[in-house]
Amino acid sequence: MRSGTVRNKRKLDEDWSFYKGEIRIPYAVKAGMTGGITDAGVLRDGEWLDIAYHDRGMGEQKLEWTSVSLPHDWCVEQQYVQDELLGARDGSHGYLPGGIGFYRRTFTLPAEAAGSKWRIRFDGVSGTSTVWVNGHLIGSHHGGYIGFSYDLSDVLRYGDEGVNVILVKVDATECEGWWYEGCGIYRHVWLENTDLVHVAEYGTYVTTPEVAKEQATVNIRTRIRNEYTEDLPVTLRTVIYDGTGVQISAGSVDAHAQWYAETELEQSFQVVQPKLWSPDTPYLYKAESTVICEGKELDRYETVFGIRSIRFDAGEGFFLNGEPLLIKGTCNHQDFAGVGVALPDSLIEYKLRLLKEMGSNAYRSAHHPPTPELLDICDRIGMLVMDENRKLDSSPNGLSQLERMLYRDRNHPSIIIWSLENEEVLEGTVTGARILKTLADTTRRIDPTRPTCAALNHGWYENGYNDAVEITGYNYGHRDHLDLRDHAQHPERLMIGSECASYTATRGIYEDDPAKGYCSEYGTNIPSWGCTPQQAWSDLVNNRFLTGVFMWTGFDYRGEPTPYLWPCINSHFGLMDTCGFPKDSYYYMKAVWQEEPVVHVLPHWNWPGSEGKPIEVRVFANTDTVELSLNGRSLGEQQVEKTGYLSWEVNYEPGELKAVGKHGKLTVAEKAVVTAGQPYRIALFPDRQEGRADGSDTIPVRVAVLDRQGHIVPTADNEIRFEVTGAGKLLGVGNGNPSSHEADKSTLRRAFNGWCLALIQTSSEEGAIQLKAVSAGLAGAETVIQANFKDNS
Ligand code: GAL
């Protein structure tokens, strides 16, 4: 008798309890026997249930559980410590302690739920996790950046059997990387129910072997899993829908699904006049796979895909759909102000949108696979992706992590490159070359449609290291013109600027300040291995065989304070700070990366005490010429050099410094910096005035300190207090100051050079969310965000 359960997937993000600290787990549950049975054969349910349901561990241990929802990062809730005791979690992790935490959640299932398949999926847990369900040790996972799932069908309780309890221990004492990694269940958790016959996990593989304007071939391989104890006749029906939901093709194939096995079926479809996917036209199709057995529909599974072709050329670089395209990329870690690594999907989208608005068309997920939703968004908004494996590791766990990334991600049209490692010590060694070859061969077996790459900083051509991959990545290849020299010697190699610039600059700062840990936006303190954005970009423009640049980084991130350590707690490599506020170099990238006219002037124009003294004024622009004027007097017009910047020496006098960009004689863009007066009032700039009432949607509100005339005060650091009432809450705050030790989970935040950020999160109720911002001596401000059930973001 088939259960006929059609797939049901639900998010398990709400209603978790969290305990920060160690809990002693009874030996029998921890490791000894399944289900907490002692060797005397007695069910030690009492002890187990104490941990699972009550506020008591074994013995007298009192447990303080708090309610949390996922994604959750307990690391960011703690205090910064400059302490040896942090061990591995030192400055490179942002001076925030790791530790151990427990999560538990209960749920019930109806009696009819028995007999079908139940799988729990964790998209990412930072730390080593151990999962018990109803006292059964289900599994341990090491590796914070790729998901893992467990079949729970046998151990769940159905109907009268009782309540189900999931307990997850996260040990985040150690760390994997050299950046802020957060702690805890920082991505979504899913509970998925299917029939015993179903499309296997990540069981579809869509490729587009022939892509032309008139017609494209879409091949789909589908793995059907039969967990009944008999072979079954099945029919797989696949329907292709276009982006508007109109059916454009369909086909069925019959098969004999062997019991306890996976059967792979292949189908091919022609799509006439396909709409090709690209960053400018991110058109998506959908394949719906239905599995039918004995007239009953047993599974329905959807795969979103795009139709596009990619080609890399050793001389000309990258081609998308036959057209050359310069890869304008940024590398990014996953954190953000106010939340650590626990980003709601809408905040991930916000970050990607800011990058796209800067003119970027590519994202390198450094140095690990991203959260799955990031890839969905890249597909949808049009952002190319270099998807990166965590490390050079061909151990069973290392290979399994790579394989899970490949199976999970290979249908995303946005992904154009698999990066297999970054700056590993074993680069250029015999052992390293063997491991890299195993990773590359594994990748080609699972997805031969995209090239492999390694992001190297040494040993490129030693011991045949980079022969293992198709594309040689250059991290900081500009050093001694290494990349150009290598090209001359190896003109057949595909190359890419996998990591470029590392330009250290603190937003709104124009003088290095070692005591505070700030770096000037003029770039007077960039690391020895780094270079200016101008050099990184002009190298590519002048040498197209370099294919693309991935600027290190799009956003500042916690950890890796460079060049200064404490009190500095985050990096300042970003084109934007941790809140997404643009630095000056953001405007350089915008000027060279996109078409719309841009003129940007630096520094700000508030230099009391410097009257009459010379100040270097720089202008980034993509217009033909720029004329600079101070208080209405022209300081001269200069011709724009397309990959550089313009510079004037100006004797300071307060007032208005204005740059006017012209195409020929026509003014097409202008920007003025004005000497601001004293801080007078707060202004709020919500990213959106509407949100989804789904308990997750997060609306960033930019908060500025203005003078009486409405000019941003570029040095203001007033402390602002936030009050949120109505159908939402304050999720976190930030200000982009790399040396701020203020809490991100707080109602208070100082402005930093005129700006700070408040993150407002909707609840699951419709209604208005009022945000009020007040500060001693300033006029306050209020704004309202309307949360609705319908998707109107
Ligand atoms: C690279 C490395 C990155 C980051 C960066 C800082 O060498 O791959 O993870 O550390 O340097 O400049």
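Placed above this text is the structure.
Every value quoted in this text rests on a predicted model; they were computed, and no experiment measured them. (Residues numbered from 1 in each chain as written. Predicted model: local features only at pLDDT ≥ 70, side-chain atom pairs only at ≥ 80, totals over all residues. Heavy atoms only, no water.)

J.: Talk me through the site of the ligand; I want residue IDs and the actual numbers.
T.: Close contacts around the ligand come from Trp178, His367, Asn422, Glu423, Asn475, Tyr476, Glu499, Ser502, Trp529, Trp552, Glu560 and Phe573, and that covers them all. Between the ligand and glutamate 499, the relevant distance is 3.0 Å, taken from an oxygen atom to a side-chain nitrogen or oxygen of the residue. Residue serine 502 places a side-chain N or O atom 2.6 Å away from an oxygen atom belonging to the ligand. Within the complex, 92% of the 310 Å² of free accessible area of the ligand lies under protein. Split into classes, the residues belonging to the shell around the ligand amount to five nonpolar, four polar and three charged. (Near = heavy atom within 4 Å. Polar contact = N/O pair within 3.5 Å; in protein donor to acceptor, adjacent residues only side chain to side chain. Areas by Shrake-Rupley, 256 points an atom, 1.4 Å probe, with all protein chains shown as cover. Nonpolar A, V, L, I, M, F, W, Y, C, P; charged D, E, K, R; others polar.)

J.: Run through the environment of histidine 741, naming residues and quoting values.
T.: On the secondary structure map, histidine 741 appears in the loop between strand S40 (728–734) and strand S41 (748–750). One polar contact links the side chain of histidine 741 to the main-chain carbonyl oxygen of proline 567, over a distance of 2.8 Å. (Helix = DSSP H or I, 4+ residues; strand = E, 2+ residues; numbered from the N terminus.)

J.: Give a description of the state of the cysteines that names residues and reports values.
T.: With the rule as written, the count across this model stands at zero disulfides. No disulfide involves cysteine 75; its sulfur sits 3.7 Å from that of cysteine 183, the nearest cysteine. With a relative accessible area of 0%, cysteine 75 lands in the buried category. With no disulfide partner, cysteine 519 has as its closest neighbouring cysteine sulfur the one in cysteine 568, 7.4 Å distant. Relative accessible area serves as the criterion here: at 0%, cysteine 519 is assigned to the buried category. (Disulfide = S-S within 2.5 Å. Buried < 20%, exposed > 50% of the residue type's maximum accessible area, 1.4 Å probe, protein only.)

J.: Talk me through the sheet that holds strand S10 (residues 189–194); I want residue IDs and the actual numbers.
T.: One key point about sheets: their strands pair by backbone hydrogen bonds, in either a parallel or an antiparallel sense. Taken in spatial order, the four strands line up as S1-S10-S5-S8 in an open sheet, and their pairing is antiparallel. Because the sheet does not close on itself, it has two edges, and the strands there are strand S1 (8–11) and strand S8 (148–151). In this sheet, adjacent strand axes meet at a mean angle of 20° when their direction is disregarded. Bridge analysis of strand S5 (residues 117–122) against S8 gives four bridges, and the strand direction is antiparallel. Each residue of the ladder has a partner; that of arginine 121, found in S8, is serine 149. (Pairing = 2+ DSSP bridges. Axes fitted to C-alpha atoms, helices over the stretch in contact; angles between N-to-C directions.)

Distances and angles like these do not, on their own, reveal function.
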